[in-house]
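These are the residues of each chain, in order.
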Amino acid sequence: MDIERELHMTDYARNSSVQKKASDKTKHITLETVQQLYKETRPKSLKIADLGCSSGPNTLSTIRDIIKAVKFAHHLEIPNQPLPEFSILLNDLRSNDFNSIFKSLPDFHTELKRDTNYGDCPSVFIAANPGSFYGRLFPEKTIHFIYIPLLACTGFPR
């Protein structure tokens, strides 16, 4: 890995507050949409793709919010049924530092369990799928919800 790329990734992870603020302004749209999708489909396993996840802390924060939103909808609609499993597919360009995300997964799972008081915690499976979303990334009819963070709300090219 060259030094310039390493510094860029570290800088993004440390200074992603602008992107977080922009994402927070549109988060309600994402959460309402995924709740509606869940209510209409009620899958046993919900597969979500985050296209353009980058390597900073915002990725797992958004995933946590989506899981909480689905749990809320689930408990309103079908409280006596088990929670769905979550399959999260992270996508970004091949040069993305996916390892930094994977290194933070133990803390993510601990926080998720703590948010649910160690009780009603769904199974969450997270994998990376590097490549450009201008081409095909997934087999047909395998993804329930695709999230593209900040593409529309920041004006920053990716």
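Relevant structure appears above.
Quick notes on the rules
Residues numbered from 1 in each chain as written. Predicted model: local features only at pLDDT ≥ 70, side-chain atom pairs only at ≥ 80, totals over all residues. Heavy atoms only, no water. Axes fitted to C-alpha atoms, helices over the stretch in contact; angles between N-to-C directions. Helix = DSSP H or I, 4+ residues; strand = E, 2+ residues; numbered from the N terminus. Parallel < 35°, antiparallel > 145°, perpendicular 65-115°, else oblique. Left-handed = near helix turned anticlockwise from the far one by under 90°. Contact = heavy atoms within 4.5 Å. Nonpolar A, V, L, I, M, F, W, Y, C, P; charged D, E, K, R; others polar. Buried < 20%, exposed > 50% of the residue type's maximum accessible area, 1.4 Å probe, protein only. Pairing = 2+ DSSP bridges. Polar contact = N/O pair within 3.5 Å; in protein donor to acceptor, adjacent residues only side chain to side chain. Phe/Tyr/Trp six-rings, centres within 6.5 Å; stacked < 30°, edge-to-face > 60°. Salt bridge = Lys/Arg side-chain N within 4 Å of Asp/Glu carboxyl O.

K.L.:
Explain the packing of helix H3 (residues 58-77) against helix H5 (residues 105-115) to me, please; I cannot follow it from the model alone.
P.N.:
For any two helices packed against each other, the geometry is given by the interaxial angle and the distance between the axes. With their axes 11 Å apart at the nearest point, H3 and H5 run at an angle of 30 degrees to one another. It follows that H3 is roughly parallel to H5 by the angle criterion. Here H3 runs over H5; the crossing is right-handed. Listed contacts from H5 to Leu60, Ile63, Arg64, Ile67 and Lys68 of H3 are Leu105, Phe108, Glu111, Leu112 and Asp115. In terms of residue class, the contact of H3 with H5 is built from 6 nonpolar, no polar and 4 charged.

K.L.:
How should I be thinking about the pairing of strand E2 (residues 85-91) in this particular structure?
P.N.:
Side-chain direction in a regular strand flips from residue to residue, so the side chains alternate between the two faces of the sheet. When you tally the buried positions in E2, you get 6 out of 7 residues, the bulk of the element. As paired strands, strand E1 (residues 45-51) and E2 are joined by 7 bridges and run parallel to one another. Pairing of Ile48 across the sheet is with Ile88, part of E2. Bridge count between E2 and strand E3 (residues 124-128): 5 bridges; the pairing is parallel. If you follow Leu89 over to E3, its bridge partner there is Ala127.

K.L.:
Looking at this model, I keep getting lost on the side chain of Thr59. Mind explaining?
P.N.:
Relative to the helices and strands, Thr59 resides in helix H3. One polar contact links the side chain of Thr59 to the main-chain carbonyl oxygen of Cys53, over a distance of 2.5 Å. Look past the residues within four positions of Thr59 in its chain and what remains in contact with it is Asp50, Cys53, Ser54 and Leu90.

K.L.:
Is there a simple way to think about the packing of aromatic side chains in this case?
P.N.:
For any pair of aromatic rings, the description rests on two quantities: the centre-to-centre distance and the angle between the ring planes. Overall, the coordinates contain 1 aromatic pair when judged by the stated rule. Ring geometry for Phe133 against Tyr134: centres 5.2 Å apart, planes inclined by 40 degrees, an arrangement best described as tilted. With relative accessibility at 73%, the residue Tyr134 sits in the exposed group.

K.L.:
I'm lost on the pattern of salt bridges in this one. Help?
P.N.:
When charged atoms on two side chains of opposite charge get close, those side chains can pair. This structure, assessed with the given rule, holds 4 salt bridges. Residue Lys27 is joined to Asp65 by a salt bridge in which the shortest nitrogen-to-oxygen separation is 2.9 Å. Taken together, the residues Lys27 in helix H2 (residues 17-41) and Asp65 in helix H3 connect sequence positions 38 residues apart. Given the relative accessible area of 17%, Asp65 is considered buried. Across the pair Glu111 and Arg64 runs a salt bridge whose closest N-O atoms are separated by 2.8 Å. Residue Glu111 is found in helix H5, and its partner Arg64 is found in helix H3; the two are separated by 47 residues along the sequence. Assessed through its relative accessible area of 27%, Glu111 is described here as partly exposed.

Nothing here speaks to function; it is all geometry.
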